[in-house]
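Coordinates in review
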Amino acid sequence: MSAREKRWILYDVGNSAFVLLSTAVIPIYANSLLKQAGESNIVSTWGYAQTAAALVIALLMPLLGSIADIRGMKIKFFLGFFGTGVVACCALALPLGWLPFLVLCVISSIGLNGSLTFYDSMLIDTTSDERMDRISSHGFAWGYLGSTVPFILCIALIFAGPSLFGLSTASCTRISFIITAIWWVAFTIPLVSGYRQVHFRATAEHMGATIRGSFAELRGTIASIRRNTPLMLFMLAFFLYIDAVNTIIAMSTSYGTQLGIDSTQMVIALLVTQFVAFPSAIIYGRCAGAFGTKRMIVIAVVAYMAIVFFAAFLLRTATAFWILAIAVGLFQGGIQALSRSYYGRLIPKKRANEYFGFFDIFGKFASVLGTFLVATITSLTGNPSLGVLSIGVLLIGALVLLAIQRDPTAKSAN
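Before going into details, it helps to say that this report is about the structure given with it. (Residues numbered from 1 in each chain as written. Predicted model: local features only at pLDDT ≥ 70, side-chain atom pairs only at ≥ 80, totals over all residues. Heavy atoms only, no water.)

Observations regarding the packing of helix H4 (residues 73-91) against helix H8 (residues 169-186)
The test is simple: Angles run from 0 to 180 degrees between N-to-C directions of axes, and those axes are lines fitted to C-alpha atoms, restricted for helices to the stretch in contact. Every helix listed is a DSSP run of H or I at least four residues long, and every strand listed is a run of E at least two residues long, numbered separately from the N terminus. Roughly parallel refers to an angle under 35 degrees, roughly antiparallel to one over 145, roughly perpendicular to one between 65 and 115, and oblique to any angle outside these ranges. A clockwise turn of the near helix away from the far one marks a right-handed crossing, whereas an anticlockwise turn of less than a right angle marks a left-handed crossing. In what follows, a contact means two residues having at least one pair of non-hydrogen atoms within 4.5 Å. Any residue outside Ala, Val, Leu, Ile, Met, Phe, Trp, Tyr, Cys, Pro, Asp, Glu, Lys and Arg is labelled polar, Gly included; the first ten of those are nonpolar and the last four are charged.
Relative orientation of the contacting elements H4 and H8 amounts to 160°, with a least axis distance of 8 Å. The angle between H4 and H8 falls in the class roughly antiparallel. Considering how the two elements wind past one another, H4 and H8 form a crossing that is left-handed. The residues of H8 that touch H4, namely those facing Phe82, Gly85, Val86, Cys89 and Cys90, are Phe177, Ile178, Ala181, Trp184 and Val185. Looking at side-chain class alone, the contact of H4 with H8 contains nine nonpolar, one polar and no charged residues.

Structure below.
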């Protein structure tokens, strides 16, 4: 593995610490703030907050992605979103009411996911087509493992800090946001210092004309995607199946909290998930080389169908939450990594950021749809299980689309 590939992987180690904190700790802390204000429905409130963040990213990324395909711009956009996310993460440590806290959660989520769009497109500058599955899988794998280091430190502080240092649990939780931000910055420095944009469609001298033509080029890109049937079918399938993945990640803790599952059990289960996901993501990348990337994606979609039905009908106890968390860990990194690398092989390299912008639209609008469905159906029925169940239909649609898609990478994948 080259030094450039290692530096790229390290950003997954850095940002995954915030992803894990956002999944396991921030919803629980937000729930405590809501209860103090007399609010009770964490699932719908958290769902609407996640929807707002995803919507902003989905609207911004295609245009910004098009501009970022100019030489030297990709790293600038990456730094802008990364910096926004880190500053908002630190600001979460302020003693805030539930509404400003959720606003900062939305801003930090926009910063994180915006940076990930440009980070994902950096993959094509980092490695070859033949190594994309492996490097993408290693990124998620080491991200899962590396994120446990600051997370364990934060959890130890939250649980032991009150007795050791005389601080309140809320104060210890707020300090954990600072620790996570520091970790995020530390593992971003190698990528920023060593990144070089290899593929680009214009140089800085043509920046003005390129920016002015971005809207017209976006229309052309949409037309190009529509004409590329395998790419279009995959993007539609991705839109549907990543809905389930992102929604389960975003809503699992808030869902378990509303069901009354002990928060300590959920946090520990999610920590164990990271250790399960580490070898699983690497193995998944190797299996893609042996059996084909698309085939492994299909297997993961089927597995997520089982996970969704389990969450809807059987998730009632801490033991069931453990089973759910481990099952997600087995497939989460694999389906995310292979989707990223498979898409990277289907698109033109010189327009990678623009195409990854559309990739992000499909991913983020799927998040909008999933979290909105869960939040709305839970609000209307008072039954969070029905909200979770609603995304099972989308997974079935994804399987249908993947079944009729011709795989243009089949020869190189097998």
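Side note on the side chain of Asp125
Convention followed: Any residue under 20% of the maximum accessible area for its type is buried, any over 50% is exposed, and the rest in between are partly exposed; the area is computed with a 1.4 Å probe on protein chains only.
Following the sequence through the fold, Asp125 ends up in helix H6 (residues 123-126). Given a relative accessible area of 2%, Asp125 falls into the buried group.

Observations concerning a nonpolar patch on the surface
We apply this condition: Residues forming no salt bridge and having over 30% relative accessible area are the ones grouped into patches, like charges within 9 Å of each other and nonpolar side chains (Val, Leu, Ile, Met, Phe, Trp, Tyr) within 5 Å. All accessibility values rest on the Shrake-Rupley procedure with a 1.4 Å probe; residue burial counts only the protein chains present in the view. Throughout this description, the term salt bridge denotes a Lys or Arg side-chain nitrogen within 4 Å of a carboxyl oxygen of Asp or Glu.
A surface patch of nonpolar side chains, about 400 Å² in accessible area, is lined by Leu164, Phe165, Leu167 and Ile175. Look at Leu164 and you get exposed, because its relative accessible area is 61%.

Observations concerning the packing of aromatic side chains
As a reminder of what qualifies: Stacked, edge-to-face and tilted labels apply to pairs of Phe, Tyr and Trp rings (six-membered ring for Trp) whose centres lie within 6.5 Å, assigned for plane angles under 30 degrees, over 60, and everything in between, in that order.
Applying the stated criterion across every chain yields a total of 20 aromatic pairs. Note on Tyr29 and Phe177: the rings are 5.8 Å apart at their centroids and 75° apart in plane angle, and the pair reads as edge-to-face. Taken together, the residues span a long stretch of sequence, with Tyr29 in helix H2 (residues 26-36) and Phe177 in helix H8 at a distance of 148 residues. Neither Tyr29 nor Phe177 differs from the other in exposure class; each is buried. Between Phe77 and Phe118 the ring centres are 5.5 Å apart and the planes differ by 10°, which places this aromatic pair in the stacked class. Of this pair, Phe77 sits in helix H4 while Phe118 sits in helix H5 (residues 98-121), and the two are 41 residues apart along the sequence.

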